[in-house]
Amino acid sequence: MNTNRFADNETACRYILSLFPYLVQLFLTAPAPEAILPAWFSELLEKMERRENYTTGLPCLLALANMSQEHLTRSFRRYIGMTPTEYINGKRLSLAAQLLLQGDMPVIEICGACGFNSLSRFYRLFTERYGCAPKAFRTQFAHAQSGQGSPISLS
């Protein structure tokens, strides 16, 4: 019994070459493996959107994940390119920027409300992220509170 579906090698080559554009298109439109988050990781990130979870910090993240800190750190680096602490600090700093623009709450209170235990660490991280100290940020972007000017991205 002859299992060869093609009459000759040239026909087989033409068939394979005809599939090439289709396969290339599939490859180009498919998401990268890193872009597909496991369900547990997506659920964890969703839970970490709650203010009380990210202001509590790493202990809360570890409790919600219910896995070792080492595994969680590897997963964070693999799927979103940062450590859990960097992720939490990013969420906290975004909240701090919002609070600075929404009212006149003192910076030290904002620091505590966002979950930072050290004012100097808060100032250092805030300045690294936004390019100025919290008080200068509030002054510089005060026009955003009144709806004037272009909106700024806090994330």
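Here's a quick rundown of the structure.

What counts, and at which threshold
- Residues numbered from 1 in each chain as written.
- Predicted model: local features only at pLDDT ≥ 70, side-chain atom pairs only at ≥ 80, totals over all residues.
- Heavy atoms only, no water.
- Core = buried A, V, L, I, M, F, W, Y, C linked by side-chain atoms within 4.5 Å.
- Buried < 20%, exposed > 50% of the residue type's maximum accessible area, 1.4 Å probe, protein only.
- Helix = DSSP H or I, 4+ residues; strand = E, 2+ residues; numbered from the N terminus.
- Contact = heavy atoms within 4.5 Å.
- Lys, Arg positive; Asp, Glu negative; His and termini not counted.
- Salt bridge = Lys/Arg side-chain N within 4 Å of Asp/Glu carboxyl O.
- Polar contact = N/O pair within 3.5 Å; in protein donor to acceptor, adjacent residues only side chain to side chain.

## Quick look at the nonpolar core
Item 1. In terms of nonpolar packing, the biggest core is built from 31 residues, with F76, F122, F126 and F137 touching the most fellow members.
Item 2. Secondary-structure elements contributing two or more residues to this core are helix 2 (39–47), helix 4 (58–65), helix 5 (69–80), helix 6 (84–102), helix 7 (107–113) and helix 8 (119–130).
Item 3. Broken down by element, the residue count for this core peaks at nine residues, all from helix 6.
Item 4. What F122 contacts, discounting residues up to four positions off in sequence, is L93, A96, V107, I110, C111, F116 and P134.

## Comments concerning the side chain of R138
Item 1. If you trace the backbone, R138 turns up in helix 9 (residues 134–140).
Item 2. Among buried charged residues, R138 stands out as having no salt bridge; its nearest opposite-charge side chain is D104, 6.5 Å away.
Item 3. Within the structure, R138 has its side chain in polar contact with the backbone oxygen of G103 (distance 3.2 Å).
Item 4. Reaching out from R138, the side chain makes a polar contact with the backbone oxygen of M105 at a distance of 2.8 Å.
Item 5. Residues within four places of R138 in sequence aside, it is in contact with L99, L100, G103, D104, M105 and I110.

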